[in-house]
Amino acid sequence: MSLEIRWIEDLLTLEQERSISKAAERRFVSQSAFTRRIQQLEQALGFPILDRDSRHIEFTDAGQILLATAKSIENQLQATLALLNNLNRSKEITVRFAVVHSLSSTFFSKFIQLFPEHLQEFKIELIAANVGEGFKLLKEGACDFFIGYIDHNKINQINTDIIDYLKLGQTEIIPVCITHN
């Protein structure tokens, strides 16, 4: 039996949110998809991890043990990543960009060519992500910049004391269809 890393992240999020719908939203999946992932985990383990008779999210005894292990894995991973980041930073400067998938190939390659020559020596790391993941990576410090499409409602939700933004351009959305003669 092998466990998927996302299951560990799902468990940790579920414990923090104490709600399947809120946990699903934080994990950027539908509620039904999140529920299926928990069920897949239970099937892989061969025992339930959630008490389904409770009105609130409650972990079974086995679920509590699995949750403690998930926390331990998360702590070990965070410590390892911090160590690796310190090693990497001591050798070179890396600038991490989270970029929405549709902009990561064509736009981003042209964008970095516009950098002044002295900035082109930096190591550039590209992380392809959707908008929600990109903002999460930015807020967690896992990337230095996020490039993505955003609407006016989302812009108004940005706390400019924490995150600053710059409009790089705009695009037109044009519906296209096949005409039948």
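Overview of the structure. (Residues numbered from 1 in each chain as written. Predicted model: local features only at pLDDT ≥ 70, side-chain atom pairs only at ≥ 80, totals over all residues. Heavy atoms only, no water.)

### Side note on the overall build of the chain
Right, on to step 1. Scanning the chain for helices and strands turns up eight helices and three strands.
Right, on to step 2. Across the chain, helices and strands are ordered from the amino to the carboxyl terminus as α-α-α-α-β-α-α-β-α-β-α.
Right, on to step 3. Taken along its principal axes, the extent of the C-alpha atoms in the chain is 65 × 60 × 35 Å.
Right, on to step 4. Within the chain, the fraction of its 181 residues that count as buried is 27%.
Right, on to step 5. Once local pairs closer than 6 in sequence are excluded, the contacts in the chain between residues at least 24 apart make up 54%.
Right, on to step 6. Of the roughly 13300 Å² of accessible surface on the chain, 53% is carried by carbon and sulfur atoms.
Right, on to step 7. Positive and negative side-chain charges in the chain, numbering 19 and 23 respectively, have mean positions lying 1 Å apart. (Helix = DSSP H or I, 4+ residues; strand = E, 2+ residues; numbered from the N terminus. Buried < 20%, exposed > 50% of the residue type's maximum accessible area, 1.4 Å probe, protein only. Contact = heavy atoms within 4.5 Å. Areas by Shrake-Rupley, 256 points an atom, 1.4 Å probe, with all protein chains shown as cover. Lys, Arg positive; Asp, Glu negative; His and termini not counted. Charge placed at Lys NZ, Arg CZ, Asp CG, Glu CD.)

### Side note on the pattern of salt bridges
Right, on to step 1. By the definition in use, this model includes seven salt bridges.
Right, on to step 2. Two residues, Arg27 and Glu9, come together in a salt bridge whose shortest N-O distance is 3.0 Å. You can see Arg27 sitting in the loop between helix H2 (20-26) and helix H3 (31-45) and its partner Glu9 sitting in helix H1 (residues 5-17), a full 18 residues away along the chain.
Right, on to step 3. Owing to a relative accessible area of 35%, Glu9 belongs among the partly exposed residues under this scheme.
Right, on to step 4. Arg96 is the salt-bridge partner of Glu125, the closest N and O atoms lying 3.5 Å from each other. Highlighted residues: Glu125 in strand E2 (residues 123-129) and Arg96 in strand E1 (residues 94-100), separated in sequence by 29 residues.
Right, on to step 5. You can call Glu125 partly exposed: its relative accessible area is 28%.
Right, on to step 6. A relative accessible area of 10% places Arg96 in the buried class. (Salt bridge = Lys/Arg side-chain N within 4 Å of Asp/Glu carboxyl O.)

### Re the nonpolar core
Right, on to step 1. Core analysis: the biggest nonpolar cluster contains 18 residues, and Leu11, Leu14, Leu41, Ile49, Leu50 and Phe59 have the highest contact counts within it.
Right, on to step 2. Those elements that provide at least two residues to this core are H1, H2, H3 and helix H4 (61-91).
Right, on to step 3. Here this core gets five residues from one element, more than from any other, and that element is H1.
Right, on to step 4. What Leu11 contacts, discounting residues up to four positions off in sequence, is Leu41, Ile49, Phe59, Leu66 and Leu67.
Right, on to step 5. Counting residues in each nonpolar core, the second largest holds 17 residues, with Phe97, Ala98, Phe146 and Ile163 among its members. (Core = buried A, V, L, I, M, F, W, Y, C linked by side-chain atoms within 4.5 Å.)

### Here we look at unusual backbone geometry
Right, on to step 1. The backbone phi angle of Arg18 is positive, close to 55°, even though this residue is not glycine.
Right, on to step 2. Its relative accessible area of 40% is what places Arg18 among the partly exposed residues.
Right, on to step 3. You will see that Phe28, though not glycine, has its phi angle at about 60°, which is positive.
Right, on to step 4. As for its placement among the helices and strands, Phe28 is situated in the loop between H2 and H3.

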